[in-house]
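Fold and geometry: a report
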Amino acid sequence: MEIKRIQVGNGNCYLMINGKDAILVDTAREKCREKILEACRGYHVTLIALTHGHVDHVQNAAFLAEKLQAPIAMHRADLDLLENNEAQPLTARTLAGKIVLAASIRSFRTDPIPPFTPTVFLEDGDRLDQWGVPALVIGLPGHTKGSIGFDFGWDVIVGDALMNMFRPTVSMLYHDRAEMLRSAGIIGGLLNRTIYFGHGKPVRNHDQEWNRLPCSAPDRLAEEGKAIADRWLSAFGAGVDPKKIEEYVTAGCGYCWQLFSVTEVPYLEGEEARRAFDALDYDEAYFFGDWFPHVETIGKTTAAQLDAGPSDVYVVDKDFRWTYVHTHEDGLLGPYFCQL
């Protein structure tokens, strides 16, 4: 699985690719239509997914839907923007934001959106698997009411919920500032990702402005994360004295991997663990951490990829038959691999 960035003027479109299947994210302005169409050649584009309803992201939607014979998807809350891009007034605080806002308003008033009718409506928590790409839809309101993003496991496309026009920052213009900051906080919690913006070059989701915001993961994601962590402990801690688990894991340092370092659960460690994990054959697995309140689905991953990301994270197959753990003490304690 991969993401292909299509640079279109000062903006971006993307192809989320899984083999020959691909989902096109955003469609840019009319002058860029042939460049986007050419980038799509060689792929079976199953869906056109719009991050939000502004003209610089949707102007080619009708054209590309016809050429690619693909349905158009977006959030219902942005339907009003297809008729009038000023239906959701925008605000900016910074000087740079006000410059961008003035240019945007001029464009809203002069650049028409050829009419189209979305046939797929996406909500936070929806998955795109039925269109051939294992990605998660994330609700990111604030820039517009219906702004959404797409989490691809190791990468996340955020539309204009964040921007990188002059430097990486939260959105410089927004319909609802409080919602925009809350959405930026959600993105801030999606560590071990590369962030792909609607405008600007991608960056790693580490030590950025939005990483210092409260990580306001939706309750649904927090509940899912706790359920997966509890199931992980139940599966790999089966037969271990519950008092020992409570003392050293749940009521101890807070690291689930302490299950391996302080109990008799059989495991591989170090290079043996890395080799065993890399040798696995699987399409999807759960990914979660001790310190962020959600769980994600990722594709085939290597130990080296986990080395490049945060620590105290877990990969476990969806039947909970094996798990690999990348700890903050790898080399001293871990990495660990356990197969039931």
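Look up: the structure comes first, before these words.
Residues numbered from 1 in each chain as written. Predicted model: local features only at pLDDT ≥ 70, side-chain atom pairs only at ≥ 80, totals over all residues. Heavy atoms only, no water.

1. A look at the sheet that holds strand 14 (residues 194–197)
As summarised here, the arrangement of the five strands in space is 8-9-10-14-15, forming an open sheet in which the pairing is mixed. Edge positions in the sheet fall to strand 8 (136–139) and strand 15 (203–204), since each has one partner strand and no second. Sheet analysis places strand 14 next to strand 15, joined by two bridges and oriented antiparallel. Within the sheet, the bridge partner assigned to Thr 194 lies in strand 15 and is Arg 204. (Pairing = 2+ DSSP bridges. Helix = DSSP H or I, 4+ residues; strand = E, 2+ residues; numbered from the N terminus.)

2. A few points about the packing of aromatic side chains
Using the criterion set out here, one finds 16 aromatic pairs in the structure. Centroid distance Trp 232 to Tyr 314: 5.2 Å. Interplanar angle 70°. Geometry classified as edge-to-face. Of this pair, Trp 232 sits in helix 7 (residues 219–236) while Tyr 314 sits in strand 19 (residues 313–317), and the two are 82 residues apart along the sequence. A relative accessible area of 0% means that Trp 232 is categorised as buried. Here the aromatic cluster, defined as three or more aromatic residues joined through ring pairs, consists of Trp 232, Phe 236, Tyr 255, Trp 257, Phe 260, Tyr 267, Phe 288, Tyr 314 and Tyr 336. Positioned over the ring face of Phe 63 is Arg 33, at 4.0 Å from the centre of the ring. Note that Arg 76 overlies the ring of Phe 121, its terminal NZ or CZ placed 4.0 Å from the centroid. (Phe/Tyr/Trp six-rings, centres within 6.5 Å; stacked < 30°, edge-to-face > 60°. Buried < 20%, exposed > 50% of the residue type's maximum accessible area, 1.4 Å probe, protein only. Lys NZ or Arg CZ within 6 Å of the ring centre and 35° of its normal.)

3. Examining the pairing of strand 21 (residues 336–339)
Bridge count between strand 16 (residues 268–269) and strand 21: two bridges; the pairing is antiparallel. In the strand pairing of strand 21, Leu 268 is matched with Phe 337. Note that strand 20 (residues 322–326) and strand 21 share four bridges and pair antiparallel. Looking at strand 21, one finds that Tyr 324 is bridged to Phe 337.

4. A look at the sheet that holds strand 3 (residues 21–25)
Read across the sheet, six strands follow the order 1-2-3-4-5-7 without closing on themselves; strand pairing throughout is mixed. With one partner strand each, in any of the chains shown, strand 1 (2–8) and strand 7 (120–121) form the two edges of the open sheet. Across the face of the sheet, helix 1 (residues 33–40) comes into contact with strand 1, strand 2 (11–18), strand 3 and strand 4 (44–49) while running at roughly 160° to strand 1. Along the sheet face, helix 3 (residues 61–68) touches strand 3, strand 4 and strand 5 (72–74) and points at about 155° away from the line of strand 4. (Contact = heavy atoms within 4.5 Å. Axes fitted to C-alpha atoms, helices over the stretch in contact; angles between N-to-C directions.)

5. Remarks on empty space enclosed by the protein
A full pass over the atoms with the stated rule returns one cavity of 30 Å³ or more. For the largest cavity, the calculated volume is near 40 Å³. Lining the largest cavity are Arg 127, Pro 134, Ala 135, Leu 136, Asp 151, Phe 152, Gly 153, Glu 296 and Thr 297. Its residues assigned to classes, the lining of the largest cavity shows four nonpolar, two polar and three charged. (1 Å grid on protein atoms, 1.4 Å probe; cavity = no way out; pocket = protein on both sides within 12 Å on 5 of 7 lines; lining within 4 Å. Points joined across faces, edges and corners; volume = space filled by probe spheres on them. Nonpolar A, V, L, I, M, F, W, Y, C, P; charged D, E, K, R; others polar.)

6. Regarding the environment of Leu 332
As for its placement among the helices and strands, Leu 332 is situated in the loop between strand 20 and strand 21. On the basis of relative accessibility, which here comes to 63%, the residue Leu 332 falls in the exposed class. Between the C-alpha atom of Leu 332 and that of Ile 157, which follows or precedes it by 175 residues, the distance is 36 Å.

7. Thoughts on the pattern of salt bridges
On inspection of all chains with the given rule, the structure shows 14 salt bridges. A salt bridge links Arg 29 to Asp 111; its shortest N-O distance comes to 2.7 Å. Of this pair, Arg 29 sits in the loop between strand 3 and helix 1 while Asp 111 sits in the loop between helix 5 (95–110) and strand 7, and the two are 82 residues apart along the sequence. What makes Asp 111 partly exposed here is its relative accessible area of 27%. With its nearest N and O atoms 3.9 Å apart, the salt bridge here joins Arg 33 to Glu 30. When its relative accessible area of 22% is taken as the criterion, Arg 33 is described as partly exposed. Given a relative accessible area of 42%, Glu 30 falls into the partly exposed group. A single network of salt bridges, built from pairs that share partners, joins Glu 271, Arg 274 and Asp 307. (Salt bridge = Lys/Arg side-chain N within 4 Å of Asp/Glu carboxyl O.)

8. Digging into the layout of surface pockets
Approximately 400 Å³ is the volume attributed to the largest pocket. What lines the largest pocket is a set of 27 residues, among which Asn 10, Arg 29, Asp 56, Met 165 and His 199 lie closest to the centre. In terms of residues, the lining of the largest pocket owes the most to one element, helix 5, which gives five residues. A per-class count over the lining of the largest pocket returns twelve nonpolar, eleven polar and four charged.

9. Quick word on the side chain of Gln 208
Relative to the elements of secondary structure, Gln 208 occurs in the loop between strand 15 and helix 7. Residue classification places Gln 208 among the buried residues on the basis of a relative accessible area of 14%. In contact with Gln 208, other than residues within four places in its own chain, are Pro 168 and Val 203.

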